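Secondary and tertiary structure notes
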Amino acid sequence: HFASSIWMARQMIVHGKVKLNGQKHPFPSHTVKDGDIVTVDPEAVVTLRPSKESKELRFSALPFQQPWMFIPEYLEVNYNTCSTVFLREPVTRPNSTEVPSPYPPEFHSLAFEYYFRRGRTR
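The following refers to the structure shown. (Residues numbered from 1 in each chain as written. Predicted model: local features only at pLDDT ≥ 70, side-chain atom pairs only at ≥ 80, totals over all residues. Heavy atoms only, no water.)

The subject of this paragraph is unusual backbone geometry. Of note, N21 is a non-glycine position whose phi angle comes to about 55°, a positive value. With respect to the helices and strands, the residue N21 is situated in the loop between β1 (18-20) and β2 (23-24). Look at N21 and you get partly exposed, because its relative accessible area is 45%. Located in the positive-phi region is C82, a residue other than glycine, with phi close to 50°. (Helix = DSSP H or I, 4+ residues; strand = E, 2+ residues; numbered from the N terminus. Buried < 20%, exposed > 50% of the residue type's maximum accessible area, 1.4 Å probe, protein only.)

In structure tokens form, the structure reads like this:
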């Protein structure tokens, strides 16, 4: 929700607008660990716009973001501080998944079963 696309998120990281545990990481490929805190500079967040009444930033989603506006259970997001805590790895099992997607879990289970039959689960 802090960037409108994966490319924009990558650019924010490279330009130093994103901090991991309070430190800048210029590498977008860095893998986060359980308990890591990711903080984004509020001025760089595209969905935060200044309100007309005050200098506070207000959240306003872009129209194409609506299907993706959900938070997975393995993230804890705080919009007041523009930060996210990575709680744990996402769970993927044959009948349940936490992969972020606007599609129902049945679609993911079909893909899991397809690749499982072919011997490519990982």
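There is more to say after this.
Further remarks concern the sheet that holds strand β3 (residues 37-40). Pairing is antiparallel in the open sheet, where five strands are placed in the order β2-β1-β3-β7-β6. Two strands close off the open sheet at either side, each with one partner strand: β2 and β6 (75-78). Sheet topology note: the β1/β2 ladder contains two bridges and is antiparallel. Of the residues in β2, the one forming a bridge with L20 is Q23. (Pairing = 2+ DSSP bridges.)

With that settled, the discussion passes to the packing of aromatic side chains. Inspection of the entire model under this criterion finds two aromatic pairs. Their ring planes at 65° and their centres at 5.8 Å tell us that F2 and Y79 sit as a pair that is edge-to-face. On the criterion of sequence distance, the pair formed by F2 in the segment before α1 (6-14) and Y79 in the loop between β6 and β7 (83-86) is long-range, its members being 77 residues apart. A relative accessible area of 32% means that Y79 is categorised as partly exposed. Geometrically, the ring pair formed by Y74 and F86 is edge-to-face, given 6.1 Å between the ring centres and 70° between the ring planes. (Phe/Tyr/Trp six-rings, centres within 6.5 Å; stacked < 30°, edge-to-face > 60°.)

In short, the description is geometric, and any link to function would need to be established separately.
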